[in-house]
Amino acid sequence: MKKAIINARIYDYETYIERGYVVFDTTVLAVGSMNEFTEDVEDVIDGDGMLVLPGFVLGHTHIYSTFARGLALPFNPKDFQDILNQLWWKIDRQLDNDTTYHSAVVYATDALKNGITTIIDHHASGREIEGSLEALRRGVVDKVGLRGAFCFETSDRFDVEACIRENRAFLDREHNGKTAAHFGLHASMSLSETTLKRVASSLDHDPIHIHVAESELDQELAEKQAQTRVVERLDRHGLLHKDALIVHGLFLDNHELDILKKRDVTVALNVGSNMNNAVGLPRYQELKNRNIPIIVGNDGLSTSVTNEYLTLMQTMHLKEGTPLALGLDDVHTLIETAYDYASRRFKVKLGKIKPGYEADLIAVPYDPPTPMDAHNALGHLVYGLFASMKAHTAFVGGRMVLHHYRVPWNEKRAFNDARNAAQTLWNRITKEG
Ligand SMILES: [Zn+2]
């Protein structure tokens, strides 16, 4: 059924309309100024006082990390491996499909309220590997209505064959524009030479999704295990295909960056998480100089992505000693790169409010305190809204998934179920010690 949002400010990083309308079903059908609005549409939403934007893409997260919130474990890490051992690996090895599903529902709900309509996830669950990506899909896509790209973090910690089967099954399932898949690998540091060979033989030019050089430890272990650096190691195994998602990439030398460029991969930066783990910062300028596509994720540290753009900006200013290190033009490129990447992976057109693009739209209350036009709209967005992006209404593929800040299903019950699932998980973790 045709719907319309009218009387709204509309901005898609290319065009700004002061008082406009957008008509859509599953895709955008028409957009323009209100003085040209002649469409006969039954389902009309008054967007007066709202800014309508394309929904945001979250470039890298771990949905299961939701259940770390409030969990107090003995924590005294000496290095990055300790952070994994003392926290994340204690959690993920106790996850089963039921916990995964509940984490997906609450994570996607919060992400949606923060303006995200597409999530790219990196998942691990030790108790149940098989069916875990379907559990995520049921939560994120079926229940909450977002788009989701899923993969399982293959690692020598788990049954490697089961990890491969789970990735393969999700890659090979039918994707209808709402789902996409990567071949998931945890990180070079948790993968033996035998495992990498086995993974290479099961890839059909599929893009991998892997943490790379998140800490120096990843490089040290690659030298030890394979007498080479991480990116060279992955490349030597033939694992870097177009659109592989390389996460973090903090400790890469110039030769490794050249390989990333040559293989046409994309890098997902998550500086909030890097600072939180006290591991280091990415070489943004060197990635940019090589025209390596960069997108932004949150690594599961929050359920938002707009704040991560601000964090990346501020961090690079400090790192380079100049507020020119990452400007609004760069933010623009990062956002467009995320839409281009997601459009290729989901095989639909995302990120513009113009005919033929998916109707993934968010409406955010915004009354500009200063004049707003096509030239400064991005500045309004970044400095006025990115610190606290709260969607009032949202559509994904034309389906209304949020209205008046509420989802159209029993959210209270779902969060109650999630708390119960989290308690069960925490009991397992405590029991294990
Ligand atoms: Zn991550």
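The structure contained in this document is the topic of the report that follows. (Residues numbered from 1 in each chain as written. Predicted model: local features only at pLDDT ≥ 70, side-chain atom pairs only at ≥ 80, totals over all residues. Heavy atoms only, no water.)

Remarks on the coordination of the zinc ion
Okay, step 1: All of the protein donors around the zinc ion are H60 (NE2), H62 (NE2), H211 (NE2) and D299 (OD); their distances to the metal are 1.9 to 2.1 Å.
Okay, step 2: The site at the zinc ion holds four donor atoms, and with the angles between them running 93 to 152°, its shape is irregular.
Okay, step 3: For the zinc ion, all donor residues lie on one chain, and their spacing in sequence is H-x1-H-x148-H-x87-D. With H60 in strand β6 (residues 56-61) and D299 in the loop between β14 (294-296) and α11 (306-320), this pair connects stretches of sequence that are 239 residues apart. You'll find H60 and D299 in the same group, each marked buried. (Donors = N, O, S within 2.8 Å, 3.2 Å for Na, K, Ca; no water. Tetrahedral: all angles 85-135°; square planar, octahedral: opposite > 155°, others 65-115°. Helix = DSSP H or I, 4+ residues; strand = E, 2+ residues; numbered from the N terminus. Buried < 20%, exposed > 50% of the residue type's maximum accessible area, 1.4 Å probe, protein only.)

A closer look at empty space enclosed by the protein
Okay, step 1: Considering all chains together, one arrives at one cavity of 30 Å³ or more under this definition.
Okay, step 2: Taken as a whole, the largest cavity encloses approximately 40 Å³ of empty space.
Okay, step 3: For the lining of the largest cavity, the per-class residue count stands at four nonpolar, four polar and one charged.
Okay, step 4: Residue-level mapping places the lining of the largest cavity at the junction of two domains, with at least three residues from each of domain 1 (3-55 + 351-402) and domain 2 (63-346). (1 Å grid on protein atoms, 1.4 Å probe; cavity = no way out; pocket = protein on both sides within 12 Å on 5 of 7 lines; lining within 4 Å. Points joined across faces, edges and corners; volume = space filled by probe spheres on them. Nonpolar A, V, L, I, M, F, W, Y, C, P; charged D, E, K, R; others polar. Domains from an automatic or database assignment.)

As for the sheet that holds strand β11 (residues 208-212)
Okay, step 1: Across the sheet, five strands lie side by side as β10-β11-β12-β13-β14; this open sheet has parallel pairing. Bordering the open sheet on either side are β10 (183-187) and β14, each of which pairs with just one other strand. Taking each pair of neighbouring strands and ignoring which way they run, the sheet shows an average axis angle of 25°.
Okay, step 2: By the bridge criterion, three bridges tie strand β12 (residues 245-248) to strand β13 (residues 266-269) in an arrangement that is parallel. Each bridged residue has a counterpart across the sheet, and for V247 the counterpart in β13 is A268.
Okay, step 3: Strands in contact with helix α12 (residues 328-346) are β12, β13 and β14; relative to β14, the strand with the most contacts, it is inclined by about 95°. (Pairing = 2+ DSSP bridges. Axes fitted to C-alpha atoms, helices over the stretch in contact; angles between N-to-C directions. Contact = heavy atoms within 4.5 Å.)

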